[in-house]
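# Structural description and commentary
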Amino acid sequence: MEGSIRVLHVDDEPDFLDLVATMLEDEGGRFVVETATTASEALKKLDGAVDCVVSDFEMPGLDGLELLAAVREEEPNLPFILYTARGSESIASEAISSGVTDYLEKAGGTEQYTVLANRIENAVEQYWAERRAATLDRIRSTVRDVNQALVRSRNRADL
């Protein structure tokens, strides 16, 4: 993968936001982490400059799944990882059926940040590959249309 991975981390605990940002930014120097303490603040930061959203589930106002729904309206394919301390099978099931890219429970120890970093990298790599494929498809389609127009032209004026 090339370039930095821009992550928007949403959690209502500022100290945890700072810790995760530090740990991710220390994971190979690939991550640039922006933070938001509310879902509404996070939605204001979705301006095409984010490669992945990592969100807590329980937050005041919109919860993580409601944020996911709002993000999907703006950016349908943007990777979204639900990263929560209050995990359960029912929340995981609802998250998956709602279209979350990945689901991860917060755990003790520093290895959880390595796991989170790997999940983000994998999701973003797939997202970037899909965007590149879509761009190439648009280019191929345009080239095909131009070629067909050239073949159909009968004279210089048609060109």
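A brief report on the enclosed structure follows. No experiment lies behind these values; they were computed from the predicted model shown.

## Side note on the overall build of the protein
Across its full length, the protein holds 5 helices and 5 strands. When the helices and strands of the protein are listed from N to C terminus, the series reads β-α-β-α-β-α-β-α-β-α. Projecting the C-alpha coordinates of the protein onto the three principal axes gives extents of approximately 70 × 30 × 25 Å. Here the protein, with 159 residues, has 36% of them falling under the buried criterion. Residue pairs in contact within the protein that sit at least 24 positions apart in sequence constitute 67% of those at least 6 positions apart. Taken as a whole, the protein presents about 9,200 Å² of accessible surface, with 48% of it coming from carbon and sulfur. The protein carries 16 positive and 31 negative side-chain charges, and their two centres are separated by 15 Å.

## Some thoughts on the packing of aromatic side chains
Throughout the structure, instances matching the rule amount to 1 aromatic pair. Sitting above the plane of the Tyr83 ring, Lys106 keeps its charged end 5.9 Å from the centroid.

## With respect to the environment of Arg72
Structurally, Arg72 is set in helix α3 (residues 64–74). Taking relative accessible area as the criterion, Arg72 reaches 19% and is therefore assigned buried. Counting along the chain gives 26 residues from Arg72 to Ser98, while the straight-line C-alpha distance between them is 9.7 Å. The residues touching Arg72, leaving out its near neighbours within four places in the chain, are Asn77, Leu78, Phe80, Gly99, Val100 and Thr101.

## Considerations on the sheet that holds strand β5 (residues 102–105)
Taken in spatial order, the 5 strands of this open sheet run β2-β1-β3-β4-β5, and their pairing is parallel. The strands lining the two open edges of the sheet, one partner per strand, are β2 (31–36) and β5. Across the sheet, the mean angle from the axis of one strand to that of its neighbour is 20°, orientation sign disregarded. Sheet analysis places strand β3 (residues 52–55) next to strand β4 (residues 80–84), joined by 3 bridges and oriented parallel. Paired with Val54 across the strands is Ile81, a residue of β4. On the sheet, helix α1 (residues 14–26) packs against β1 (5–10), β2 and β4 and is oriented at approximately 170° with respect to β2.

## Structural notes on the environment of Pro60
Here Pro60 shows up in the loop between β3 and α3. Taking relative accessible area as the criterion, Pro60 reaches 52% and is therefore assigned exposed. Here the alpha-carbon distance between Pro60 and Ala39, two residues 21 residues apart in the chain, equals 8.4 Å.

The rules behind each value
Residues numbered from 1 in each chain as written. Predicted model: local features only at pLDDT ≥ 70, side-chain atom pairs only at ≥ 80, totals over all residues. Heavy atoms only, no water. Helix = DSSP H or I, 4+ residues; strand = E, 2+ residues; numbered from the N terminus. Buried < 20%, exposed > 50% of the residue type's maximum accessible area, 1.4 Å probe, protein only. Contact = heavy atoms within 4.5 Å. Areas by Shrake-Rupley, 256 points an atom, 1.4 Å probe, with all protein chains shown as cover. Lys, Arg positive; Asp, Glu negative; His and termini not counted. Charge placed at Lys NZ, Arg CZ, Asp CG, Glu CD. Phe/Tyr/Trp six-rings, centres within 6.5 Å; stacked < 30°, edge-to-face > 60°. Lys NZ or Arg CZ within 6 Å of the ring centre and 35° of its normal. Pairing = 2+ DSSP bridges. Axes fitted to C-alpha atoms, helices over the stretch in contact; angles between N-to-C directions.

Such coordinate-based values are descriptive only and should not be taken to indicate function.
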